[in-house]
Amino acid sequence: MQRVLIVGAGFSGAVIARALAEAGVAVTVADARPHVAGNCHTERCPDTGVMVHVYGPHIFHTDNEGVWAYVNRFGAFRPYVNRVKATVGGRVFALPVNLHTINQIFGTAMRPDEARAFIAARAQAPAHGGEPANFEEQALAMVGPEIYAAFFKGYTAKQWGCDPRELPASILKRLPLRFNYDDNYFFHRFQGMPEAGYTALVAAILDCPGVTLRLGSPVTPGDARAGGWDHVVWTGPLDAWFGHDLGRLGYRTLAFERFTHDGDWQGCAVMNHPDPDVPYTRIAEHRHFAPWETPRGSVVVREYARACGPDDIPYYPIRLAGEQALLRRYVARARAEARVSFVGRLGTYRYLDMDVTINEALKAAQSLILARKTGAPPPAFPVDPL
Ligand SMILES: Cc1cc2nc3c(=O)[nH]c(=O)nc-3n(C[C@H](O)[C@H](O)[C@H](O)COP(=O)(O)OP(=O)(O)OC[C@H]3O[C@@H](n4cnc5c(N)ncnc54)[C@H](O)[C@@H]3O)c2cc1C
């Protein structure tokens, strides 16, 4: 394995490219977009000076010391704590649901034990007597009807475009409910923002002898197969490698409505809007993602979720039963492909945070380097997508 093509210059492609190049492989990284960093791309707004997260807000958070050390090798990080608010029925609440939220919504001043007992009394077990079978049943069993209706029901219906009763309970099992005043959105030990933005960070990862970068270069599977490469790493959509011939893996996409403002528009980085009669899900004000900067104005973005069409950017994999079945069929075919590895959020059809993406990319690179040493065929999926 001397010449490798990597399709995609997001975190997945960049991390693998660097590791392979450091191991002596000649790597070409091609991306259809005119910039590196994939969906984590940041760029400065020329009118206001604000660093904008172009494909939606990205906050780096991890418990993985190795990944934290890795990203800090390529750029300085500033401390950043993600604190999200929600506007519901014309009032503002703290998220994630914590003691403050509970006291706000019920007009109380409960202490932790009182609130715990109060919420336990509000919680509603499913009428069928079994374990919660869907998102709504899980939410009602965890937080009761008031908090569910205020923060989860409308937001989830807008985000996923369906009734929460059609979604699995497992989605809500991951959301925290706190009986103290901690409103830090993430539990992870390390949290921060790259001072110069994510695009500079990924550019620094790719800045390595042995890496050739081709931006604005969409790669078709036919190009990749015919290019005479010893191996191809595909971080594009798994179904795109097969021309979507079994059908499209379903995604939700986002539409962004962006405007500028002279002062501070909402006073925080992210304001959720769970009310069902508000068409957007949240508003991000990007100057607050870099609180150490003093920009001239503000960039504000309303976020609308909708079904992903063939020309839209795929954001959130839906992964309900139908998509899982289709995924299994594509995975079986991909495993039979020679000289291609599928990695990253699109190549494995999973939602991956940046730290998980980087960790998996480092592992994928190790498995490719090992295959190169032993002469064994590299795995089609260094990380199992099922
Ligand atoms: C709205 C949103 C918010 C998020 N917020 C956070 C957050 O706060 N914290 C966090 O840790 N993670 C967050 N994430 C997750 C983060 O975006 C991913 O972890 C990361 O983007 C995955 O990197 P990747 O390289 O696998 O994929 P991508 O970043 O999508 O990169 C894939 C690249 O491949 C290119 N490509 C695809 N097909 C082709 C082709 N045929 N030819 C050439 N190029 C091609 C694309 O142009 C793209 O640049 C968020 C995700 C979303 C959707």
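Here is a short report on the structure shown in this document. Starting afresh in each chain, residues are numbered from 1 along the sequence in its written order. Given that this is a predicted model, residues contribute local features only at a pLDDT of at least 70 and side-chain atom pairs are listed and counted only at 80 or more, while totals for whole chains, interfaces and linings are drawn from all residues. The basis for every side-chain value is the complete set of non-hydrogen atoms in the structure, without hydrogens or water.

This part takes up the overall build of the chain. The numbering of helices and of strands both runs from the N terminus, where a helix is a DSSP run of H or I of at least 4 residues and a strand a run of E of at least 2. What the chain contains, in helices and strands, is twelve helices and 17 strands. What you see for the chain is a C-alpha radius of gyration of 22 Å, in line with the 21 Å of a compact globule of 386 residues. For the C-alpha atoms alone, the extent of the chain along its principal axes is close to 65 × 55 × 35 Å. Within the chain, contacts between residues at least 6 apart in sequence are counted, and of these 73% link residues at least 24 apart. Calculation of accessible area relied on Shrake-Rupley with a 1.4 Å probe; when residues are assessed, cover is drawn exclusively from the protein chains displayed. When the accessible area of the chain is evaluated, it comes to approximately 17,000 Å², of which 53% is carbon and sulfur surface. With 40 positive and 38 negative side-chain charges, the chain shows a separation of 4 Å between the mean positions of the two kinds. Only the C-alpha atoms count toward the radius of gyration. The rule for a globule is 2.2 Å times the residue count to the power 0.38. The contact criterion used is simple: two residues touch if any of their non-hydrogen atoms lie within 4.5 Å. We score Asp and Glu as negative and Lys and Arg as positive, and we do not count His or the chain ends. In plain terms, the charge of a residue is placed at NZ if it is Lys, CZ if Arg, CG if Asp and CD if Glu.

This brings us to the sheet that holds strand β10 (residues 211-214). Here, any two strands with at least 2 DSSP bridges between them count as paired. In spatial order, the strands read β10-β2-β1-β11-β17; together these five strands make up an open sheet with parallel pairing. The open sheet is flanked by β10 and β17 (340-342), the only strands paired with a single partner. Across the sheet, the axes of successive neighbouring strands diverge by a mean angle of 20 degrees, strand direction being ignored. Examined bridge by bridge, strand β1 (residues 3-7) and strand β2 (residues 26-30) share five bridges and lie parallel to one another. The partner of V4 across the bridge, within β2, is V27. Angular values range over 0 to 180 degrees, each being the angle between N-to-C directions of two axes fitted as lines to C-alpha atoms, with helices fitted over their stretch in contact.

Before going further, it helps to examine the packing of helix α2 (residues 65-74) against helix α7 (residues 198-206). What describes two packed helices is the angle between their axes and the distance between those same axes. Between α2 and α7, the shortest axis-to-axis distance is 8 Å and the interhelical angle comes to 90 degrees. Comparing their axes, α7 and α2 come out roughly perpendicular. Together, Y70, V71 and F74 of α2 and L201, A204 and I205 of α7 make up the contact between the two elements. Three classes are used: nonpolar for Ala, Val, Leu, Ile, Met, Phe, Trp, Tyr, Cys and Pro, charged for Asp, Glu, Lys and Arg, and polar for all others, with Gly counted as polar. Taken together, the residues of the contact of α2 with α7 break down into six nonpolar, no polar and no charged. What sets the label is the angle itself: under 35 degrees gives roughly parallel, over 145 gives roughly antiparallel, 65 to 115 gives roughly perpendicular, and the rest give oblique.

Sheet architecture is open: seven strands sit in the order β8-β7-β13-β14-β15-β12-β16, paired in mixed fashion. In the strand order of this sheet, the two ends are held by β8 (91-94) and β16 (316-317), each with one partner. Pairing of strand β14 (residues 282-285) with strand β15 (residues 298-307) involves four bridges; the strand directions are antiparallel. Bridge pairing in β15 links R282 to E303.

The next point concerns the pairing of β2. A 1.4 Å probe rolled over the protein chains alone gives each residue an accessible area, and that area as a share of the maximum for its type sets the label: buried under 20%, exposed over 50%, partly exposed in between. Burial runs high along β2: four of the five residues are buried. Orienting the strands away from the viewer, one traces the path from the first strand over the helix to the second; a clockwise path indicates a right-handed crossover. As a crossover connection, the stretch from β1 through helix α1 (residues 11-22) into β2 is right-handed.

Moving on to the packing of α1 against α2. For the pair α1 and α2, interaxial distance at closest approach is 13 Å and the crossing angle is 80 degrees. Relative to α2, α1 is oriented roughly perpendicular. Where α1 approaches α2, its residues V15, R18 and E22 are matched on the opposing element by Y70, R73 and F74.

Turning our attention to helix α5 (residues 135-160). Taking 1.5 Å as the rise per residue, α5 with 26 residues should run 38 Å; its terminal C-alpha atoms sit only 12 Å apart, a clear shortfall. At every residue, the bend is computed as the angle between two fitted axes, covering the seven residues ending there and the seven beginning there respectively. If you look at α5, its biggest bend is around 115 degrees, right at G144, and the proline P145 turns up within four residues after that. Counting buried residues in α5 gives 19 out of 26 residues, a clear majority hidden from the surface. The N-cap residue of α5 is N134: its side-chain oxygen and the backbone nitrogen of E136 are 3.0 Å apart. Of the residues flanking the end of α5, it is G161, one or two places downstream, whose phi is positive at about 65 degrees. To estimate how far a helix should extend, the number of its residues minus one is multiplied by 1.5 Å. Whenever a nitrogen or oxygen atom comes within 3.5 Å of another N or O atom, the pair is scored as a polar contact, on the condition that within protein one atom can donate a hydrogen and the other can accept it, and that pairs from neighbouring residues in sequence are kept only if both atoms are in side chains.

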